There are 4 protein chains.
Amino acid sequence: MDRQPLTIADKTFTSRLFTGTGKFGSAQLMEDALLASGSELVTVALKRVETQNSQDDMLIHVTHPRLNLLPNTSGVRTAKEAVFAAQMAREALETNWLKLEIHPDPKYLLPDPIETLKAAEELVRLGFVVLPYCHADPVLCKRLEAVGVAAVMPLGAPIGTNKGLRTIDFLEIIIDQSQVPVVVDAGLGAPSHAAAAMELGADAVLVNTAIAVSDEPVRMAMAFKLAVEAGRMAFEARLARPSLTAHASSPLTAFLDE
Amino acid sequence: MDRQPLTIADKTFTSRLFTGTGKFGSAQLMEDALLASGSELVTVALKRVETQNSQDDMLIHVTHPRLNLLPNTSGVRTAKEAVFAAQMAREALETNWLKLEIHPDPKYLLPDPIETLKAAEELVRLGFVVLPYCHADPVLCKRLEAVGVAAVMPLGAPIGTNKGLRTIDFLEIIIDQSQVPVVVDAGLGAPSHAAAAMELGADAVLVNTAIAVSDEPVRMAMAFKLAVEAGRMAFEARLARPSLTAHASSPLTAFLDE
Amino acid sequence: MDRQPLTIADKTFTSRLFTGTGKFGSAQLMEDALLASGSELVTVALKRVETQNSQDDMLIHVTHPRLNLLPNTSGVRTAKEAVFAAQMAREALETNWLKLEIHPDPKYLLPDPIETLKAAEELVRLGFVVLPYCHADPVLCKRLEAVGVAAVMPLGAPIGTNKGLRTIDFLEIIIDQSQVPVVVDAGLGAPSHAAAAMELGADAVLVNTAIAVSDEPVRMAMAFKLAVEAGRMAFEARLARPSLTAHASSPLTAFLDE
Amino acid sequence: MDRQPLTIADKTFTSRLFTGTGKFGSAQLMEDALLASGSELVTVALKRVETQNSQDDMLIHVTHPRLNLLPNTSGVRTAKEAVFAAQMAREALETNWLKLEIHPDPKYLLPDPIETLKAAEELVRLGFVVLPYCHADPVLCKRLEAVGVAAVMPLGAPIGTNKGLRTIDFLEIIIDQSQVPVVVDAGLGAPSHAAAAMELGADAVLVNTAIAVSDEPVRMAMAFKLAVEAGRMAFEARLARPSLTAHASSPLTAFLDE
C-alpha cells in the first residue's frame, strides 16, 4: 500500500518496520512475531551468534527468504572494538550490513558520538553498509552521512524505556536535513509511537523491546506493522496541522432559531 | 482481527473507527473516504439533512448497507433545542440513535455539561439511543451513564485543533470507571493520536476533520483504519509500561574482553 | 513587585499564591510555611474545624492579621450537603467566603459539575462569596460566572497528583473568556508548574499538597512564593512566543574567514 | 537564600542565572536587565568585541564589579577556528574563561559534538576554563568532563526556540552522572522553564533571548531571577513525586452523614 518502497544501499524494502531478536520468551515465539511483523530487516547481536549453542538456536529461526539480517555490535565500547566485531559479524553471518552500536555506558546504554563516527568512517572504508545507532543529534547525523553511512538511526528515547518520541524536536531537524534514510531506533514503546515517527517523515523505525516483552508478541508485532503503515500513509497524504482555534466538523448555524 | 467486537445498545460493530461527513471537498470524495475507512457508524448533522438540495446530495452518498447513520444535534445551544432537533432527526433519518452535541459557545465549540445531562436524561426517556459528546470530565461521564446513555464521547482536544490526546489524564479515569463504551471524539488529528486513544483502552474513536481536510482523504481514511486496529491490538496484547531506566534489547556483555 | 493587585469580591490581595492547611506534619510547621509563603488566603476544611480538639489546634495557627480564611466544603457530595456545610462554616469561621468543593467520587476526588453549579447558584443567593473548585471546563466556568461566583478555580491536574498543568489547552480558553478571576487549583506539584500557570495569565494559584508534603515545607513555601511572582511578572512583561526555527543570541558571521 | 553557592573552577557564584548580551534593543537596556537579573556571569560574543565601535559600546555596559565576562566563540565552525578565537578572546577580554560554541550549521545553530570535544581538549591544555555548549548527549558530556572542562552546557531546546526543556529525559541522566556543574543553555523561553531545569537538579541556567526580546527586559530579567531561585530551593527541599492517583489535601470523610 506504500507508494515508494524504501531503498537503503543495495536493498529495497516493502516494510518500513525493522525488528530485533532480543528478549523474546522463546526462539519460536520470536520467529512467529518476526513473521507477523512483516519485517524484512532484523537485527541480531553478534555476541549471541558467537555464543550459539543448542539451547539458543536463534539463527535457525531468523533464516527466512524475506528476512535480511543486520548484525549489531552491541556490547562494544570503542571504535576499535566495533571494527573488530564488525569483521567477525561479516564472516559469521555472511553479510556486510552492520548496525553500529557503541555504548560505553552500562547503565543508560547511550551511544558514544565520537567513537561511532570514528568507527563508521573506518567501516565504510572496509566496505560495510553501515547503519549507526546514534543520539538524535542533527550535526552528528550530518557528519555520519558525510563519511558514507547508508542510513542514520537516531534514538527516540533511551533504549528500553518505551517512552516514545522524546527527541521529536531534533528528529524533525534530522529528517529535514538528511540525504540518507532516517530510521528511528530505541524508545518506541507503543504502536502510536511508531506511527508518530512515520508521520513525522521517518523512513523506517526499529522496534524490539515493545514487541518482545508484551504479553502477546505475535499480536503486538501485527499492531506495530499496521501502525507503521498507517503513519507512512498519513505522511504521504499530508496531515492537517494542529490549530489553535476550534473548527467544527458539523455546520453550526443555530438553525432552530430560524 | 479484533477479538471482541464492540457493542453499543442493539448494534455490534466490527470497526472501532467512527467517522463524520463534514468538511469534505465533495460528496463523492466523502463516500470514497468513508468506505475506505471501514467505518460502520457515521455522524450526520441534522441541519445538513434539513437543508438538503440538489447540490448537497450527501445522504445518497452515505446510504450503504454497512453504514449506520448517527444524526447529531450540532448547532443547538440548549437541552430544549437538542430534544427538538433529536425528534426531527429521528423522523428524517429513521433512526433513534443520536449524537447529542450542545455547544452554546460559537468560538471554541465546547460542550455544555449541564444542558447535555439534562437533554440526555430526557432523550433516554423518549427512547433514543444517546451518545453524548462531552468534556473529558469523569464525574460528568458517570452521571451521563447513570441516566442511561449508550456510550460517552469525551473529547481528546478542542474540536478541529488536531492536537491529539490532550485530556489523557482524564480519559484514563473515564475508561477506568465507565460501564458504557467510551468513544474518544474531537481533536484526534493524526493516526498516531487515534492509536494512542485505543492503546489507552478507549472502545472507539470518532474522526472527521483530520480525514476530510487532508490532501488525500481516501488514503488518510485508510491510515486511520489501520491505526485504530493497531491501537486496539496493542491494548489487547498489553503494552509494556514506560520505564525510567534503560534496558538493552541486545546482550551487553563486553565480549571482546573475554 | 506586582503591578496590579488582585481583587476578588471585596478583598484585595498582594500575593497571588493561595494555600491550604492539609497534610502538614504539625500545626507549627504549617504556620511557619503559611507565613513563609506570603499567602493572604488560606483554605480550611470545615470538617477539621468542626472536630477541633486540643490535639489539632490548627485554627490558632492560622489566626494572623494577614491571613484570610477560606473555608472549604471538602467531604460533601451533593449541592444540598454543600449548602448546609457552607452555613456551618460561615457561623464557625465568621466569614462568608467559601471554597465550594463537591466531589462524590472518593477515589479520584474530581468535582461534580452539576451539583457545583446548583450549589453555587444557591450560595450566591444566600450571600456567600463563592469560589468553586471545578474541572477545567470552559463552558462550566462561564455558567458559574453567570450565576455570580466571585472567581473560578479550575483544576490543573487530578488533586494530589503533582502532575502540573495537564489541562493547559482548556485553561487558556477559560482565561481568555473569563470575566472573573481564574485561580488554578489542584495538581500543581512544583514551583515551575505554578509559574507556568501564572505565565498563562491565571490570576492566582492554590497550592497545598506540594508544600505540605515536601521535606522542608517552609523552604518549599518560599519557592512557590518566588515562582508565582516570577510567573506573574513574565506574564506582564510578555513572553516571547515559541518559534520553530533557531535564532542565535550571538552574532554568527563566520568572522574567522574574513 | 541558597544553601550552597555554585563553584566553577576558581569562581564562586551566588546567582545561578547566567545571562547573555545579544539581541537587546539598546546597550543601556541590556545593562539594566543584566543588573536586574542578579547574574554574575554574562556571555559576550568575541565577534562583537572585535568589531567594537562607538555605536556598540557594549563592553562599557557590562563592566561592573559583580559581572564576570564569559567570552563565547559563536560563529566558528571547527575546533581550529575555536582555538584561534579563544586566544583572541583571552587577550581582548583578559579572562581565560570561555564558552565554547561550535556550530557549523547556519540554520539550526546546533553544536558539533566532534569539533567541540577536540577543541575542549586543546583549550584545557592551553589553560582555559572551558564551558562547552553541547547537545544534551550524556556520553558526550562525560567525555567533555574527562578532558577537563569546568562545566557542561547542554541545550534544553534548539537555541532561540523558547520551547523549554525538550531534552529533559537526557538532562536527567546528565545531571545524575556529571562530576562537573551542569548549566542548561538554550531554549529556555519562560521563567517556568528555568525553574523546571533547576528543580531537575541543574546547577545553573543560561538565559539570553527570552530576556532580551521581551517587551520589558528588566522586568523579565527579574522574573527569571526569582524563578531560578524558586527552582533551586524546590530542588533542595525535595519535591514530592508525581503520583498516579489522587490524594485529597482536605479530609474527606462525608461528615454530614454522621
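This structure is a prediction, so every number in the text was calculated from the model and none was measured.

*Asks:* Break down helix α5 (residues 113–125) of chain C for me, citing the residues and quoting the values.
*Replies:* The end-to-end C-alpha distance of α5(C) is 19 Å, a good match for the 18 Å that 13 residues give at a rise of 1.5 Å each. Of all the residues in α5(C), the buried ones are Pro113(C), Ile114(C), Glu115(C), Thr116(C), Leu117(C), Ala119(C), Ala120(C) and Leu123(C). If you follow the buried residues of α5(C), they end up packed against α5 (113–125) and α6 (138–146) of chain B together with α4 (79–93), β6 (97–100), β7 (129–134) and α6 (138–146) of chain C. In this structure Asp112(C) caps α5(C), since a side-chain oxygen of it lies 2.9 Å from the backbone nitrogen of Ile114(C). Phi for Gly127(C), located one or two positions after α5(C), is positive at around 90°.

*Asks:* Tell me about the UniProt feature "binding site: 1-deoxy-D-xylulose 5-phosphate" (unreviewed entry) in chain A, and name the residues and values.
*Replies:* Residues and elements named next belong to chain A. Those places that UniProt annotates as "binding site: 1-deoxy-D-xylulose 5-phosphate" (unreviewed entry) correspond, in this numbering, to Gly160, Ala186, Gly187, Asn208 and Thr209. The largest pairwise C-alpha distance within this set of annotated residues, which runs over 50 residues, is 9.4 Å, so the set is compact in three dimensions. Its place among the elements puts Gly160 in the loop between β8 (153–154) and α7 (168–177). Looking at Gly160, the relative accessible area reads 9%, which means it is buried. Counting through the fold element by element, Ala186 comes out in the loop between β9 (183–185) and α8 (191–200). With residues near it in sequence (within four places) discarded, Ala186 still touches Tyr133, Leu155, Gly156, Ala157, Ile159 and Leu206.

*Asks:* With reference to specific residues and values, describe the pattern of salt bridges.
*Replies:* Under the definition given, this model contains 60 salt bridges over all chains. In this structure, Glu115(C) engages Arg143(B) in a salt bridge whose closest nitrogen and oxygen atoms are separated by 2.9 Å. You can see Glu115(C) sitting in helix α5 and its partner Arg143(B) sitting in helix α6, one on each of two chains.

*Asks:* Which residues make up the relation of the copies chain A and chain D, and what values do they have?
*Replies:* Between the two copies of the chain lies a rotation about an axis combined with a shift along it. Expressed as a screw operation, the relation of chain A to chain D combines 0.0 Å of axial shift with a rotation of 180°, fitting to an RMSD of 0.0 Å. In short, the pair behaves as if placed about a two-fold rotation axis. Looking at the rotation axis and the C-alpha trace of chain A, the residue lying nearest is Ile114(A), at 3.0 Å. Counting the interface residues of chain A, we find that 100% of their copies in chain D are interface residues as well, pointing to one common contact surface.

*Asks:* Could you give an account of the interface of chain A and chain D, naming the residues involved and the relevant values?
*Replies:* Contact with chain A, which involves 30 residues of that partner, is made by 30 residues of chain D. Between chain A and chain D the total buried area reaches about 2500 Å² when both faces are included, carbon and sulfur atoms providing 62% of it. Where chain A meets chain D, there are 10 salt bridges. Taken together, the connections running from chain A to chain D amount to 14 residue pairs in polar contact (both at pLDDT 80 or more). Secondary-structure elements contributing two or more residues to the side of chain A that touches chain D are α5 (113–125), α6 (138–146) and α7 of chain A. Tallying contributions element by element places α7(A) first for the side of chain A that touches chain D, with 6 residues. Its residues placed into classes, the side of chain A that touches chain D shows 17 nonpolar, 3 polar and 10 charged.

*Asks:* Explain the packing of α4(C) against α5(C) residue by residue, including any values.
*Replies:* All names here are of chain C. At their nearest, the axes of α4 and α5 sit 8 Å apart, and the two run at 40° to each other. The orientation of α4 relative to α5 falls into the category oblique. With respect to the hand of their crossing, α4 and α5 are arranged in right-handed fashion. Listed contacts from α5 to Ala79, Ala82, Val83 and Ala86 of α4 are Glu115, Lys118, Ala119, Glu122 and Leu123. In the contact of α4 with α5, the residues fall into 6 nonpolar, no polar and 3 charged.

*Asks:* Tell me about unusual backbone geometry, and please be specific about residues and values.
*Replies:* Here Ala9(B), not a glycine, exhibits a phi torsion of approximately 50°, which is positive. For Ala186(B), which is not a glycine, the phi torsion comes out positive at approximately 75°.

Cut-offs and rules
Residues numbered from 1 in each chain as written. Chains lettered and ligands numbered in written order. Predicted model: local features only at pLDDT ≥ 70, side-chain atom pairs only at ≥ 80, totals over all residues. Heavy atoms only, no water. Helix = DSSP H or I, 4+ residues; strand = E, 2+ residues; numbered from the N terminus. Expected span 1.5 Å × (residues − 1). Buried < 20%, exposed > 50% of the residue type's maximum accessible area, 1.4 Å probe, protein only. Contact = heavy atoms within 4.5 Å. Polar contact = N/O pair within 3.5 Å; in protein donor to acceptor, adjacent residues only side chain to side chain. UniProt positions renumbered as here; feature names shortened; annotations may be inferred. Salt bridge = Lys/Arg side-chain N within 4 Å of Asp/Glu carboxyl O. Least-squares fit on C-alpha atoms with pLDDT ≥ 70 in both. Buried area = accessible area lost by both parts, 1.4 Å probe. Nonpolar A, V, L, I, M, F, W, Y, C, P; charged D, E, K, R; others polar. Axes fitted to C-alpha atoms, helices over the stretch in contact; angles between N-to-C directions. Parallel < 35°, antiparallel > 145°, perpendicular 65-115°, else oblique. Left-handed = near helix turned anticlockwise from the far one by under 90°.

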